[in-house]
Amino acid sequence: MISKNLKYLKQSIVKAAKRVGRDPSEIKLLAVTKEQSNVIVTEAIQAGMTLLGENKVQEASGKIEVLGRNGLEWHFIGRLQKNKVKFIFDLFDLIHSVDSFSLAEAIHKKALKIGSCMPILLQINISGEKSKLGINPLNLPEEIKKIAKLEGVKVCGLMTIPPFNSNPENSRSYYVRLRELRDTCSNLNIPRINLNELSMGMSNDYEVAIEEGATMVRVGTGLFGPRST
Ligand SMILES: *Cc1c(COP(=O)(O)O)cnc(C)c1O
């Protein structure tokens, strides 16, 4: 089932990219493996998936211990508590969900201690919902300038999660706003800051996200079917 879903997903990604004149190879598909068993994740790896996304440090750690990091990239997409920062360097290649200067600073400090640098995306709360994490878009230029000075993190782009809605068209305006915010901040030419990546789009709305500029789509149920819990 996974290889069939994957084939369908890849085709729709290509079609969505072509609709807006984008090169499909700019778009990375992240398989969101949260709550999936190692057997299922192994099946996805055998079907050719190399980018895997997890939203809990402890759960990811158990999976990575078994499946390894060789030939794979593990991305963290969930709420990152500061007391878990010390674990992320052995587990993840990219953190999508840095939602504050203080979290970026905590990652930076740990990175300096171990002589490393962590690639990150800044999570933006475009919708302003209280339940959502993320930097307020109005504060982003000022926050990015501060984060740019932290040598232990490398900002590679922005991420957002729109309010859930079964109609993908309702996500479009949020994705447009993330792209516009990215363009505004890129034009500030802040040293060390590169905002190439736009992590946006999930199973229900990845095509709309691609039409609006996504470079990474995070797909769970669309690949694996419903999660076990
Ligand atoms: C679970 C999750 C996804 C995947 O959601 P699906 O609707 O299953 O594709 C994407 N992004 C984040 C941040 C998630 O937590």
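Right above here is the structure, for reference.
Parameters at a glance
Residues numbered from 1 in each chain as written. Predicted model: local features only at pLDDT ≥ 70, side-chain atom pairs only at ≥ 80, totals over all residues. Heavy atoms only, no water. Helix = DSSP H or I, 4+ residues; strand = E, 2+ residues; numbered from the N terminus. Rg over C-alpha atoms; globule rule 2.2 N^0.38 Å. Buried < 20%, exposed > 50% of the residue type's maximum accessible area, 1.4 Å probe, protein only. Contact = heavy atoms within 4.5 Å. Areas by Shrake-Rupley, 256 points an atom, 1.4 Å probe, with all protein chains shown as cover. Lys, Arg positive; Asp, Glu negative; His and termini not counted. Charge placed at Lys NZ, Arg CZ, Asp CG, Glu CD. Salt bridge = Lys/Arg side-chain N within 4 Å of Asp/Glu carboxyl O. Core = buried A, V, L, I, M, F, W, Y, C linked by side-chain atoms within 4.5 Å. Polar contact = N/O pair within 3.5 Å; in protein donor to acceptor, adjacent residues only side chain to side chain. Arc of directions from axis to C-beta. Near = heavy atom within 4 Å. Nonpolar A, V, L, I, M, F, W, Y, C, P; charged D, E, K, R; others polar. Phe/Tyr/Trp six-rings, centres within 6.5 Å; stacked < 30°, edge-to-face > 60°. Disulfide = S-S within 2.5 Å.

(A) The arrangement of the overall build of the chain in detail. Of the regular secondary structure elements, the chain holds nine helices and eight strands. Relative to the compact-globule value of 17 Å for 229 residues, the chain shows a C-alpha radius of gyration of 17 Å, a close match. Of all 229 residues assigned to the chain, the portion counted as buried reaches 49%. Across the chain, contacts joining residues at least 24 apart in sequence account for 61% of those joining residues at least 6 apart. For the chain, the exposed area adds up to about 10,900 Å²; of that, 51% sits on carbon and sulfur atoms. Positive and negative side-chain charges in the chain, numbering 32 and 24 respectively, have mean positions lying 2 Å apart.

(B) Seen up close, the side chain of K34. Following the sequence through the fold, K34 ends up in the loop between β1 (28–32) and α2 (38–46). No salt bridge is formed by the buried K34, whose closest oppositely charged neighbour, E35, lies at an N-O distance of 5.7 Å.

(C) Summary view of the nonpolar core. One finds I107, I120 and L122 to be the most contacted residues of the largest nonpolar core, which totals 66 residues. Those residues in contact with I107 that lie beyond four places of it in its chain are L80, V85, I88, F89, V98, M118, I120 and V153. With five residues, the next largest nonpolar core counts L94, L121, C156 and M159 among its residues.

(D) Broad picture of the side chain of T160. As for its placement among the helices and strands, T160 is situated in the loop between β6 (153–159) and α7 (172–186). Owing to a relative accessible area of 1%, T160 belongs among the buried residues under this scheme. Among the polar contacts listed, one links the side chain of T160 to the backbone oxygen of I124, at a separation of 2.7 Å. What T160 contacts, discounting residues up to four positions off in sequence, is I124, I126, Y175, L178, S199, M200 and R218.

(E) Spotlight on helix α6 (residues 140–147). Three or more residues of α6 are buried, namely L140, E143, I144 and I147. Along the long axis of α6, the arc covered by the buried residues comes to 100°, so they all point the same way. Structurally, α6 contributes buried residues whose contacts are with α5 (101–113), β5 (118–123), β6 and α7.

(F) Geometry of the site of the ligand. Around the ligand, the surrounding shell consists of V32, K34, I77, I161, M202, S203, R218, V219, G220, T221 and R227. Residue K34 places a side-chain N or O atom 2.7 Å away from an oxygen atom belonging to the ligand. One of the side-chain nitrogen or oxygen atoms of S203 is found 2.4 Å away from an oxygen atom of the ligand. Within the complex, the protein chains bury 89% of what would otherwise be the 390 Å² of accessible surface of the ligand. The residue inventory of the shell around the ligand, partitioned by class, reads five nonpolar, three polar and three charged.

(G) Region of interest: the packing of aromatic side chains. By the definition in use, this model includes one aromatic pair. Taking 5.2 Å as the distance between ring centres and 55° as the angle between the ring planes, the aromatic pair formed by F76 and F92 counts as tilted. Highlighted residues: F76 in strand β3 (residues 73–76) and F92 in the loop between α4 (85–88) and β4 (94–98), separated in sequence by 16 residues. Accessibility classification places F76 together with F92 in one group, the buried group.

(H) Structural context of the environment of G115. Inspection of the secondary structure assignment puts G115 in the loop between α5 and β5. With 111 residues separating them along the chain, G115 and K4 place their C-alpha atoms 42 Å apart.

(I) Seen up close, the state of the cysteines. Within this structure, the stated rule accounts for zero disulfides. The thiol sulfur of C117 is not disulfide-bonded, and the nearest other cysteine sulfur, from C156, lies at 8.4 Å. Free cysteine: C185, not disulfide-bonded; nearest cysteine sulfur from C156 at 15 Å.

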